[in-house]
Amino acid sequence: MLIAQMDGFQRILGTTEIDARQFGWALPAALALLLVWELGRFTARRAKAA
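Computed from a prediction, not measured in an experiment: that's the story for all the values here.

Rules used throughout
- Residues numbered from 1 in each chain as written.
- Predicted model: local features only at pLDDT ≥ 70, side-chain atom pairs only at ≥ 80, totals over all residues.
- Heavy atoms only, no water.
- Helix = DSSP H or I, 4+ residues; strand = E, 2+ residues; numbered from the N terminus.
- Rg over C-alpha atoms; globule rule 2.2 N^0.38 Å.
- Buried < 20%, exposed > 50% of the residue type's maximum accessible area, 1.4 Å probe, protein only.
- Areas by Shrake-Rupley, 256 points an atom, 1.4 Å probe, with all protein chains shown as cover.
- Lys, Arg positive; Asp, Glu negative; His and termini not counted.
- Charge placed at Lys NZ, Arg CZ, Asp CG, Glu CD.
- Salt bridge = Lys/Arg side-chain N within 4 Å of Asp/Glu carboxyl O.

Trainee: Lay out the overall build of the protein in plain terms, naming residues and giving numbers.
Mentor: Regarding its fold elements, the protein presents 2 helices and 0 strands. For 50 residues, the compact-globule formula gives about 10 Å, and the C-alpha radius of gyration of the protein, at 18 Å, lies well above that figure. Over its C-alpha atoms, taken along the principal directions, the protein stretches across nearly 50 × 25 × 20 Å. For the protein, buried positions account for 2% of its 50 residues. For the protein, the accessible area works out to roughly 5000 Å², and carbon and sulfur atoms hold 71% of it. When the 6 positive and 4 negative side-chain charges of the protein are each reduced to one mean point, those points stand 19 Å apart.

Trainee: Outline the pattern of salt bridges, supporting the account with residue identities and numerical values.
Mentor: The tally for this structure, following the rule as stated, stands at 2 salt bridges. In this structure, Arg 41 and Glu 38 form a salt bridge, with 3.2 Å as the shortest nitrogen-oxygen distance. Here Glu 38 and Arg 41 lie together in helix 2 (residues 20-49), a separation of 3 residues that amounts to about one turn. According to the relative accessible area criterion, Arg 41 is partly exposed, its value standing at 34%.

Keep in mind these numbers describe shape, not what the thing actually does.
Here's what the structure looks like:
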């Protein structure tokens, strides 16, 4: 069932599958973006409290 849903999403969104190397590059980039986002939130909260 999940496979059919993923295939449907790929057709609707026009996406393609990625290999392990591409996933390996995407994962640290996503984690870095999350870290920068959280640091920005932390900084904004400290500036607002001061």
